[in-house]
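Listed here are the chains, written in short residue letters.
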Amino acid sequence: MDAVPEQAAGAAADAAEAAPGTQLNLDLYPGGCRRLLHLCAQQPLPLLRVEFLRLSTHEDPGLLEATLAQVPWSLLHLRSLVLKGGQNRGPLGACLQGTLTTLPAGLSGLAHLAHLDLSFNRLETLPACVLQLHSLAALLLSHNHLSELPEALGSLPALTFLTATHNCLRRLPTALGASSTLQCLDLSENLLDAVPPEIGGLSSLCELNLASNQLRNLPASLAGLRSLRLLVLHSNLLTSLPVGLARLPLLMHLDLRDNQLRDLPPELLDAPFVRLQGNPLSKESPDGRTPPAPQDPEMPRLFLTSDLDSFSVTPRGCSVTLASGVRLHFPAGAITAPLTIHYRLWLPEPGLVSLGPHDFLLSRVLELWPHSLAFQQDVSLWLRFVPPCARRCREVVVRTRSDGTWSDLETHVEEEAPEAPDSVSSSPHPPQLCLFTPSSPRLWARCRVLHFSWFLVVLRPVSNTCLVPPEGTLLCSSGHPGVKVTFPPGATEEPCRVSMQVVRMASRELRALLGEPEAAVSPLLCLSRSGPPEFLQPVTVQLPLPPGVSGFSVDRSRLHLLYRAPPTASWDDITAQVALELTHLYARFQVTHFSWYWLWYTTKTCVEGLARKAWARLRLHHVNLIALQRRRDPEQVLLQCLPRNKVDATLRRLLERYRGPEPSDTVEMFEGEKFFAAFERGIDVDADRPDCVDGRICFVFYSHLKNVKEVYVSTTLDREAQAVRGQVSFYRDSVPVDVPPEAEAARQKKSADALWIATLPIKLPRLQGAGGHWQGAGLSLMPLNLGDAETGFLTQSNLLSVAGRLGPDWPTVALHLGMPYRVLQRIRHEFRDDLDGQIRHMLFSWAEGHAGQPGAVELLVKALEQSDRQDVAEEVRAVLELGRHKYQDSIRRTGLAPEDPAGAPALQPSQPAQA
């Protein structure tokens, strides 16, 4: 317990050294209140000079109140007090509110306090002591639960900056207009439906933000704000504006997007600083786009209950809910003519999905087209995703693909049951529509887009960005307040955007990995920028020292600064190339270009290999690979890749229908890593699968998605005399040319570079009948081809694969295929307690009756789609496409296909070959 007071005293001393004795930051680590109480009890000299105090409100409420009660008596010269929540984040990356609900009355004694930040807390009313701080110039109240502001707020004589965004304000105090000093007022994201006329008395007001409220009109007194430069009014219900706004002499920016404005003064309509998108104006907007149509109160709402692949939208707008759970909202005027929208859900593949080193995929890939069309207004898009595991300092984002590259969209996560269709209000915000009952909350990622492309949901480390002007700025990490980057004046000639991501590694996991009790690392820092790779002036980076390391007693020979420049996987020790400045809590150094940076404290002399091992562990997923055989048809094999914690439950669920070996040993896989399953020792795999390459089935591991393959295996040996014993082996990259005899021992190889990662046995039974085909459950599977080579055909093994995936849905498919209901009843009776036999008999009896008939394959695909089995239909389409390609290749090889002058084959899939 004695270490805590010593560390707190050290923090004060560190503040004295780092910032001439004026700053005390106790919001970086837990226990800040206890440390401050200890300092107040000791009254050290550095504490008397403190002017800036930061204290986290993620503390026990009683302890926080006791600590704040001591502040006026111990920090007599305090000028800035930050009591801010939001340092901790929830599993979805959202900032968590602190525990602060009020302030002690004694804080009114802070006579010099000019800056007070109470953001991200639980305030329902403004504490009375705030109204007695006569030196207060900046007051920050964002992300609280305030429903009103007191009248006395307008009497603060020095108040120049007031922000109360993301609250529940329904009205404003009329006395606020009496403030002659207020220059910046931000009240966005509230519930205001009116603004008092007295607000026109703010003679010094330069910036006013009333966005995302419920304002229908504005008082004419706004025309008296002669100092106003910035006015933000987007996302309201405004139908008109005061005429005098057009004559404000200093107005440089007016944001009127997403309102109900139908007419504007010509001075505003043609002004280049006015943004008007999303309004039903009577003439063209300044950007040249056709104005949207008036809002239709009876906007169509579509609920697609089957996997249709298209829907229609008109200029009136439309709200659409797809069967997969995706929702779209097209506002009125988003398009100028009726349009058909197509969509498709893709399985994630490495060539399509782009993931960063520490990203996790949470959804399948949604494609919406046409891609090239630009909408007149933003279209809102909701994507349902799988809830991620609790991961600190991570956030959920929607990622979209444009011109071959992926970029992140501004995303809002909604964690509540969407409203029922009948309860949708006339709010300007997109309606919350879905097919699920209000009693089942869902997780949604919401974004707004101006054109369609591919979309997916990703969990990534929190990204903090800022625009760096030539004058310089400061970038801080929201999840790790000790991580900062300072840009000096002249670092860049043109404004550039920089981005910061921070990844933390647990000390216990690091020590177990390295086998060193005292090893510790700082958070891993990734910095990137747009524009030229290097800065004109050195940029200062601040990293917290590794846990347990103090700047006053550190052994510098054990401290290493590591640098990594992608795409290389190596880490370089650059400690000797930079000047490390150490304080009690931090290390500071200067760089001229951005990459990955990591601070290590270890006795090891060669750190590069250790850092690579720790880097891999940060991306690690423990998974099991299983291979199970169907009890009724051993030639149908289920391959599955599962997170380690889901194996037991999955095996219990599959036990009735499958049998097979135990799962393989745990192996180390990365998110999005590709590997293969190959069959050896006389066992072969159906080569007609589109994901089959040289007898290997391709897998891609995604932690939150289903990684399942059901394949049809066969034998290359004579099985008349004995059963065939073989194996399925899981590989990374390419398969070895020769299968080693010690294959069973290969499953023990678990290193990151292991090629052969697991081997599981497979056993095929003795052949029960003649003719080269195994007979099961009284059904003889005769050779059968459905379709033709030119348009694509399905083999017996293809139909077996389809049958293996239908499950209980087979009666619905049969009815859509045109089979009478009495035939279904007979099949159920003949194959009682044998679901696989029912499915195979239904499918093969239908196929035998339609063999050689044109359009049979198309009928099967349509029946699958009508039965809500789009997944199986997509697999059939892929098999058909593969067959068509093989047919075209064979035509070209035999010289039957004429070529055009450019060398491209002229034969089209729909054209018959002319021999």
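Before reading further, recall that the structure is shown in the block above.
Residues numbered from 1 in each chain as written. Predicted model: local features only at pLDDT ≥ 70, side-chain atom pairs only at ≥ 80, totals over all residues. Heavy atoms only, no water.

1. A word on the overall build of the protein chain
- Looking only at helices and strands, one finds 14 helices and 51 strands in the protein chain.
- Counting every position in the protein chain, which comprises 915 residues, the buried fraction comes to 51%.
- Taking the contacts inside the protein chain whose residues are at least 6 apart along the sequence as the reference set, 61% of them involve residues at least 24 apart. (Helix = DSSP H or I, 4+ residues; strand = E, 2+ residues; numbered from the N terminus. Buried < 20%, exposed > 50% of the residue type's maximum accessible area, 1.4 Å probe, protein only. Contact = heavy atoms within 4.5 Å.)

2. Focus: unusual backbone geometry
- Of note, the bond from Trp-369 into Pro-370 is cis; its omega dihedral lies within 30 degrees of zero at 20 degrees.
- Mapped onto the elements, Pro-370 comes out in the loop between β18 (365-369) and β19 (374-384).
- The phi dihedral of Phe-120 is positive, around 55 degrees, even though this residue is not glycine.
- With respect to the helices and strands, Phe-120 occurs in the loop between β4 (115-117) and β5 (138-140).
- Of note in this structure, Glu-189 is not a glycine but carries a positive phi near 55 degrees.
- Within the secondary structure, Glu-189 is located in the loop between β7 (184-186) and β8 (207-209).

3. Some remarks on the packing of aromatic side chains
- For the structure on display, the rule yields 17 aromatic pairs.
- Pairing Trp-571 with Trp-598 gives two aromatic rings, centres 5.2 Å apart and planes at 50 degrees, and the pair type is tilted. You can see Trp-571 sitting in the loop between β32 (559-564) and β33 (572-573) and its partner Trp-598 sitting in strand β36 (residues 596-601), a full 27 residues away along the chain.
- Relative accessible area serves as the criterion here: at 1%, Trp-571 is assigned to the buried category.
- Look at Trp-598 and Trp-600: their rings are 5.4 Å apart centre to centre, the planes differ by 80 degrees, and that puts the pair in the edge-to-face class.
- You can call Trp-600 buried: its relative accessible area is 0%.
- An aromatic cluster is present here, built from Phe-311, Phe-330, Tyr-343, Phe-375 and Phe-452 joined pairwise through their rings.
- For Arg-401, the ring lying beneath its charged end belongs to Trp-454, and the centroid distance is 5.5 Å.
- The ring of Phe-670 carries Arg-619 above its face, with NZ or CZ at 4.3 Å from the centroid. (Phe/Tyr/Trp six-rings, centres within 6.5 Å; stacked < 30°, edge-to-face > 60°. Lys NZ or Arg CZ within 6 Å of the ring centre and 35° of its normal.)

4. Observations concerning the packing of helix α2 (residues 32-42) against helix α4 (residues 61-74)
- One can describe the packing of α2 onto α4 by two numbers: an axis separation of 9 Å at closest approach and a directional angle of 35 degrees. Seen along the crossing, α2 lies across α4 with a hand that is left-handed. Taken together, the residues of α4 that come into contact with α2 (itself represented by Cys-33, Arg-34, Leu-36, Leu-37 and Cys-40) are Leu-63, Leu-64, Ala-66, Thr-67, Gln-70, Val-71 and Ser-74.
- In terms of residue class, the contact of α2 with α4 is made up of eight nonpolar, three polar and one charged. (Axes fitted to C-alpha atoms, helices over the stretch in contact; angles between N-to-C directions. Left-handed = near helix turned anticlockwise from the far one by under 90°. Nonpolar A, V, L, I, M, F, W, Y, C, P; charged D, E, K, R; others polar.)

5. Quick notes on the packing of helix α6 (residues 507-514) against helix α7 (residues 608-618)
- Here α6 crosses α7 at 130 degrees, and the two axes come no closer than 11 Å. Taken together, the axes of α6 and α7 lie oblique to each other. Between α6 and α7 lies a crossing of right-handed hand. Mapping the contact onto sequence places Glu-509, Leu-510, Leu-513 and Leu-514 in α6 and Leu-610, Lys-613, Ala-614 and Arg-617 in α7.
- Among the residues forming the contact of α6 with α7, the class breakdown is five nonpolar, no polar and three charged. (Parallel < 35°, antiparallel > 145°, perpendicular 65-115°, else oblique.)

6. Looking at the sheet that holds strand β35 (residues 586-593)
- The five strands are arranged β26-β27-β31-β35-β34 in an open sheet whose pairing can be described as antiparallel. The open sheet terminates on both sides in strands that have one partner only, identified here as β26 (473-476) and β34 (581-582).
- Bridge count between β26 and strand β27 (residues 484-487): four bridges; the pairing is antiparallel. Counterpart to Leu-474 in the pairing with β27 is Thr-486. (Pairing = 2+ DSSP bridges.)

7. Some details on the side chain of Asn-259
- When you line up the elements, Asn-259 lands in the loop between β10 (253-255) and α5 (266-269).
- A polar contact of 3.1 Å, which involves the side chain of Asn-259, links it to the backbone oxygen of Leu-233.
- Polar contacts involving the side chain of Asn-259 include one to the main-chain amide nitrogen of Asn-236, which spans 3.2 Å. (Polar contact = N/O pair within 3.5 Å; in protein donor to acceptor, adjacent residues only side chain to side chain.)

8. Description of the sheet that holds strand β46 (residues 724-732)
- Strand order in this open sheet of five strands is β43-β44-β41-β46-β47, and the pairing throughout is antiparallel. Strands at the two margins of the open sheet, each flanked by one partner only, are β43 (692-693) and β47 (756-764).
- Bridge analysis of β43 against strand β44 (residues 696-700) gives two bridges, and the strand direction is antiparallel. By the bridge assignment for β44, Val-693 is matched with Arg-696.

9. So, a positive patch on the surface
- A cluster of like positive charges, contributed by Arg-631, Arg-659, Arg-725 and Lys-763, occupies part of the molecular surface.
- With respect to the secondary-structure elements, Arg-659 resides in strand β39 (residues 658-659). (Patch = residues over 30% accessible without salt bridge, like charges linked within 9 Å, V, L, I, M, F, W, Y side chains within 5 Å. Areas by Shrake-Rupley, 256 points an atom, 1.4 Å probe, with all protein chains shown as cover. Salt bridge = Lys/Arg side-chain N within 4 Å of Asp/Glu carboxyl O. Lys, Arg positive; Asp, Glu negative; His and termini not counted. Charge placed at Lys NZ, Arg CZ, Asp CG, Glu CD.)

10. Considerations on the pattern of salt bridges
- Taken as a whole, this structure holds 21 salt bridges when the rule is applied.
- The closest approach of N and O atoms between Arg-617 and Glu-509, which form a salt bridge, is 3.8 Å. Of this pair, Arg-617 sits in helix α7 while Glu-509 is found in helix α6, placing the two residues 108 residues apart along the sequence.
- With a relative accessible area of 25%, Arg-617 lands in the partly exposed category.
- For the salt bridge of Arg-558 with Glu-516, the shortest nitrogen-to-oxygen distance reads 4.0 Å.

11. Quick word on the pairing of β27
- Every second residue of β27 is oriented toward a common face, the buried set being Val-485 and Phe-487 and the non-buried set Lys-484 and Thr-486.
- Both β27 and strand β31 (residues 534-544) contribute to a ladder of three bridges, which runs antiparallel. If you follow Lys-484 over to β31, its bridge partner there is Gln-542.

12. Structural notes on the environment of Leu-36
- Structurally, Leu-36 is set in helix α2.
- Placed 31 residues apart in sequence, Leu-36 and Thr-67 show a C-alpha to C-alpha distance of 7.1 Å.
- Once residues within four sequence positions are removed from consideration, Leu-36 is found in contact with Leu-24, Leu-26, Leu-53, Leu-55, Thr-67 and Val-71.

13. Here we look at α7
- Taken together, the buried positions of α7 are occupied by Leu-610, Ala-611, Ala-614, Trp-615 and Leu-618. Seen from one end, α7 has its buried residues packed into an arc of 135 degrees, which puts them on one side.
- Tucked inside the fold, the buried residues of α7 contact β28 (496-503), α6, β30 (524-529), β32, β36 and β37 (620-630). (Arc of directions from axis to C-beta.)

14. Observations regarding α6
- Restricting attention to buried positions, one finds in α6 the residues Ser-507, Leu-510, Leu-513 and Leu-514. Taken around the axis of α6, the buried residues stretch over an arc of 125 degrees, which confines them to a single face. Exposed and facing more than 90 degrees away from the buried side of α6 are Arg-508 and Ala-512.
- Those residues of α6 hidden inside the fold are in contact with β29 (520-521), β36 and α7.
- Positive phi appears at Gly-515, one or two residues downstream of α6, with a value of about 70 degrees.

15. Examining the nonpolar core
- Ranked by size, the top nonpolar core spans 75 residues in total, and within it Leu-185, Leu-208 and Leu-241 carry the most contacts.
- Elements supplying a minimum of two residues to this core: β1 (23-26), α2, β2 (52-56), α4, β3 (80-84) and α5.
- Once residues lying within four places of it in the same chain are set aside, the contact partners of Leu-208 are Leu-185, Ile-199, Leu-222, Leu-225, Leu-228, Leu-230, Leu-231 and Val-232.
- Counting 34 residues, the second largest nonpolar core, distinct from the first, contains Leu-799, Ala-803, Met-819 and Leu-864. (Core = buried A, V, L, I, M, F, W, Y, C linked by side-chain atoms within 4.5 Å.)

16. A short note on the environment of Arg-632
- By the element assignment, Arg-632 lies in the loop between β37 and β38 (636-643).
- By relative accessible area, Arg-632 is classed as partly exposed at 44%.
- The spatial distance from the C-alpha of Arg-632 to the C-alpha of Arg-657 is 7.9 Å, given a sequence separation of 25 residues.

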